[in-house]
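# Notes for the structure review
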Amino acid sequence: MTHPTEQISAYLDGELHGHELTQLMDHLSRCGNCTAELEQMQFVRSAVRSLPVLELPAGLVSEADPVVVALPRHKGMWAGVAAAVVIAAIALAAIVTPPADEVDLQRLNSLVGARSTLDPAFGPAKVSVSPLVSE
Amino acid sequence: MESIPLTWEEVARVHGRKIYNFAYRLTGNPDDAHDLVQEVLLRVHRGLSNYQPGSFEGWLWRITRNAFLDDVRRQKRRPTAPLPDEVDRWAHGATESADAEYARISLGDDIQKALLELPIDFREAVILCDVVGLSYEEIAKAVAVPIGTVRSRIHRGRKILKELLT
């Protein structure tokens, strides 16, 4: 006797029709082995179908969104623009800020010590102090 | 008549969870499933403008399985089983008793491990049928094999699962 075993799963899935369905029903009424297999396949099918439906992890779709995926390039571009603006602002501030009061080192030395007189290389000098960042 | 999502956002919204479940059951771990879904959505984005009206499900699942098979070929790695506490933790309410929860997770873990023991062809057929819920005809289109082959793969896959689970 030929056992239509592959038809058993198709039957459980509602994929068996017409003549094949009639044949299987007839066979099952006479074959204990195939009836047992039907029960086993039903158990396995139910077991797999009992696996719970998992929710999509939060953020997965937005991470895969082509628009979002393209963002890092834009971010990099804007970061570059922002950095350029800051540098330009600092340079501009340095240019337009009025010179700070000149500091006379000799006078300073006379106040805090006599190093400039002991060290020839450390002669009187005038420096201009221009704060880089204005408040 | 099958309604066809026209935009990437609609595909992601309508099918994202199904793709994730397919990917998770096929790979057996959330990280690979995560990567696979992202790859599939990327391929959908690239291919959507050229999509010809027909079987959208077949087109989508063909993309999904091809992405998985490409990944398997590229990494030449065998999918691994998930850690028990990683399984199914999202989808259950707090009303389940602890014993029932443990039994369910334990059985779910056993089923997941058994699925990973199946040859890939059988595994994808069983998952597309029992997890995703596709008809044999839709599976045949997705996998590009005759319906008879789908029927055979599902039945043989279930027979192996029966041996592994009993």
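Residues numbered from 1 in each chain as written. Chains lettered and ligands numbered in written order. Predicted model: local features only at pLDDT ≥ 70, side-chain atom pairs only at ≥ 80, totals over all residues.

Now for the overall build of chain A. Helix and strand content of chain A: eight helices and two strands. Starting at the N terminus and ending at the C terminus, chain A contains elements arranged as α-α-α-α-α-α-β-α-α-β. Here chain A holds 135 residues, and 13% of them are scored as buried. For chain A, contacts bridging at least 24 residues in sequence account for 51% of all contacts bridging at least 6. (Helix = DSSP H or I, 4+ residues; strand = E, 2+ residues; numbered from the N terminus. Buried ≥ 20, exposed ≤ 12 C-beta atoms within 10 Å, placed from the backbone. Contact = placed C-beta atoms within 7 Å.)

For chain B, the helix and strand inventory stands at seven helices and zero strands. Each helix (α) and strand (β) of chain B, taken in turn from the N terminus, gives the series α-α-α-α-α-α-α. Out of the 166 residues in chain B, the part that is buried amounts to 39%. Within chain B, residue pairs in contact and separated by at least 24 positions form 67% of the contacts whose partners lie at least 6 positions apart.

What follows deals with the packing of helix α3 (residues 56-75) of chain B against helix α6 (residues 136-143) of chain B. All names here are of chain B. Where α3 contacts α6, the two axes come as close as 7 Å, and the packing angle between them is 50°. Here α3 is positioned oblique relative to α6, judged by the angle of their axes. Note on packing geometry: the crossing formed by α3 with α6 is right-handed. Contact residues: α3 offers Glu 57, Gly 58, Trp 61, Arg 62 and Arg 65, while α6 offers Glu 138, Lys 141, Ala 142 and Val 143. The class makeup of the residues in the contact of α3 with α6 is three nonpolar, one polar and five charged. (Axes fitted to C-alpha atoms, helices over the stretch in contact; angles between N-to-C directions. Parallel < 35°, antiparallel > 145°, perpendicular 65-115°, else oblique. Left-handed = near helix turned anticlockwise from the far one by under 90°. Nonpolar A, V, L, I, M, F, W, Y, C, P; charged D, E, K, R; others polar.)

All names here are of chain B. Tracing the backbone shows Asn 29 in the loop between α1 (8-27) and α2 (30-47). Assessed through the 18 C-beta atoms surrounding it within 10 Å, Asn 29 is described here as partly exposed. With 83 residues separating them in the primary sequence, Asn 29 and Gln 112 have C-alpha atoms 9.7 Å apart.

Between chain A and chain B, the residue contacts involve 26 residues of the former and 33 residues of the latter. Elements with a contribution of two residues or more to the side of chain A that touches chain B: α1 (5-12), α3 (32-49) and α4 (60-64) of chain A. Among the residues making up the side of chain A that touches chain B, the classes are represented as 16 nonpolar, three polar and seven charged.

Attention now moves to the packing of helix α5 (residues 120-132) of chain B against helix α7 (residues 147-165) of chain B. All names here are of chain B. Where α5 contacts α7, the two axes come as close as 8 Å, and the packing angle between them is 100°. As summarised for this structure, α5 and α7 are arranged roughly perpendicular, according to the angle between their axes. Two secondary-structure elements touch here, α5 through Asp 121, Phe 122, Arg 123, Ala 125, Val 126 and Cys 129 and α7 through Val 150, Arg 153, Ile 154, Arg 156, Gly 157, Arg 158 and Ile 160. Per-class residue counts for the contact of α5 with α7 are seven nonpolar, one polar and five charged.

As a further point, take α3 of chain B. All names here are of chain B. The end-to-end C-alpha separation of α3 is 29 Å, in line with the 28 Å expected for 20 residues at 1.5 Å each. Those residues of α3 lying buried are Glu 57, Leu 60, Trp 61, Ile 63, Thr 64, Arg 65, Ala 67 and Phe 68. On its buried face, α3 sits against α1, α2, α5 and α6. (Expected span 1.5 Å × (residues − 1).)

The next thing to look at is the confidence of the model for chain B. As a general rule, the predicted coordinates of low-pLDDT regions are not to be interpreted in detail. Residue and element names in this part refer to chain B. On average, chain B scores 81 in pLDDT, and the residues at 70 or more come to 78%. The weakest mean pLDDT in chain B belongs to helix α4 (residues 98-117) at 75; the strongest belongs to α7 at 96. Ignoring residues within four places in sequence, the model shows residues 81-95, a span with pLDDT below 50, making 26 contacts including any to other chains. The complex model carries a pTM of 0.66, and its ipTM stands at 0.77. (pLDDT = per-residue confidence, 0-100.)

In this section: unusual backbone geometry. All names here are of chain B. The backbone phi angle of Ala 144 is positive, close to 60°, even though this residue is not glycine. Examined against the element boundaries, Ala 144 turns out to sit in the loop between α6 and α7. Since 11 C-beta atoms lie within 10 Å of it, Ala 144 is described here as exposed.

Moving on, we come to the confidence of the model for chain A. Put simply, chain A has an average pLDDT of 71, and 47% of its residues get 70 or more. Long-range and interchain partners of residues 111-127 of chain A, a stretch whose pLDDT sits below 50, account for 15 contacts in this model, where long-range means more than four residues apart.

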